[in-house]
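Listed here are the chains, written in short residue letters.
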Amino acid sequence: MPSPLILVNLKTFREGMGNRAHMIANAAQLVAHESGVTIGIAPSYIDLHPLSHHFAIPVYAQHVDGFEPGAHTGHITVDALKLAGAAGSLINHSERRLTLAEIEASVRALQALKLIPVVCTNNEATSAGAAALGPEYVAIEPPELIGSGVSVSKANPDIIRRSVAAVHAVNQKVKVLTGAGIQSGECVKIAIDLGTDGVLLASSVVKAKDPLSVLRDLVSKL
Ligand code: G3P
């Protein structure tokens, strides 16, 4: 069985920028090495290239625009991500929603350069829709639980179960992540037992006093 993916989104938290981003990436790399679990990090654009340069763990963007390079001011293209060493990108995160056409363009642009699309969704219907685009991952996150400290694994295991079924009914090859309030090894274990291929999380690691201990706990039941 391939390793699950634990993907840590640093968002724009002050605790996830600059030196803290390096400290979290270093902890993630150490825990990935100790455990054999794949741990990725999604920093701000500013930190993406330094982190991909200094660390071997996969580094993801938090958003990408599916444009060709050219006259687009203030946007970020897949070519730019590739040059910066990104492994892939989140698309349509709850805090950065896109139109269906934009989601498709971003998935296709990433795939064309062999980068990994992670399409975020909010329920089983949108998860099925995202699966129809054939990304590597669909990440189901109930928006009301994001940043709440209440774990989707415990508060709403049904949405995980239903989303895994909805995605696989459309395309068996698409892997499913879940997120919102994930904070412990137990949350991760429940998510995996419900048929996901990993988790997407943020605040429990980024805002922790000691991200290394939280990361060690996250992989402890795998
Ligand atoms: O991208 C992950 C995120 O939306 C979940 O956030 O803070 O609930 O782990 P959090």
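The structure we're discussing is the one just above.
Quick look at the structure, then.

Some remarks on the environment of V118
- Considering the arrangement of structural elements, one finds V118 in strand β5 (residues 116–121).
- Overall, V118 belongs to the buried group, its relative accessible area being 0%.
- Considered as a pair, V118 and L51 are 67 residues apart in the sequence and their alpha carbons are 19 Å apart.
- For V118, the residues in contact, after removing those within four places along its chain, are L7, Y60, S89, L90, I91, Y137, A139 and L177.

Details of helix α7 (residues 157–170)
- An ideal rise of 1.5 Å per residue puts 20 Å on 14 residues; α7 measures up with 20 Å between its terminal C-alpha atoms.
- Listed in full, the buried residues belonging to α7 are I159, I160, S163, V164, A166 and V167. Mapping the buried residues of α7 onto a view down its axis gives an arc of 165°, with all of them on the same face.
- Lining the buried residues of α7 we find α5 (124–131), β6 (137–140), α6 (152–155) and β7 (175–179).

Focus on the site of the ligand
- The environment of the ligand is formed by N9, K11, H93, E141, I146, G147, A180, G181, L200, L201, A202 and S203.
- Within the backbone of A202, a nitrogen or oxygen atom sits 2.8 Å from an oxygen atom of the ligand.
- Bound to the protein, the ligand loses 99% of the 310 Å² it would expose on its own.
- When grouped by side-chain class, the residues that make up the shell around the ligand number five nonpolar, five polar and two charged.

What about unusual backbone geometry?
- With a phi close to 50°, K11 is a non-glycine residue in the positive phi region.
- By the secondary structure assignment, K11 is in the loop between β1 (5–9) and α1 (18–35).
- Even without being a glycine, A180 presents a positive backbone phi close to 110°.
- Mapping A180 onto the fold places it in the loop between β7 and α8 (185–193).

How each quantity is defined
- Residues numbered from 1 in each chain as written.
- Predicted model: local features only at pLDDT ≥ 70, side-chain atom pairs only at ≥ 80, totals over all residues.
- Heavy atoms only, no water.
- Helix = DSSP H or I, 4+ residues; strand = E, 2+ residues; numbered from the N terminus.
- Buried < 20%, exposed > 50% of the residue type's maximum accessible area, 1.4 Å probe, protein only.
- Contact = heavy atoms within 4.5 Å.
- Expected span 1.5 Å × (residues − 1).
- Arc of directions from axis to C-beta.
- Near = heavy atom within 4 Å.
- Polar contact = N/O pair within 3.5 Å; in protein donor to acceptor, adjacent residues only side chain to side chain.
- Areas by Shrake-Rupley, 256 points an atom, 1.4 Å probe, with all protein chains shown as cover.
- Nonpolar A, V, L, I, M, F, W, Y, C, P; charged D, E, K, R; others polar.

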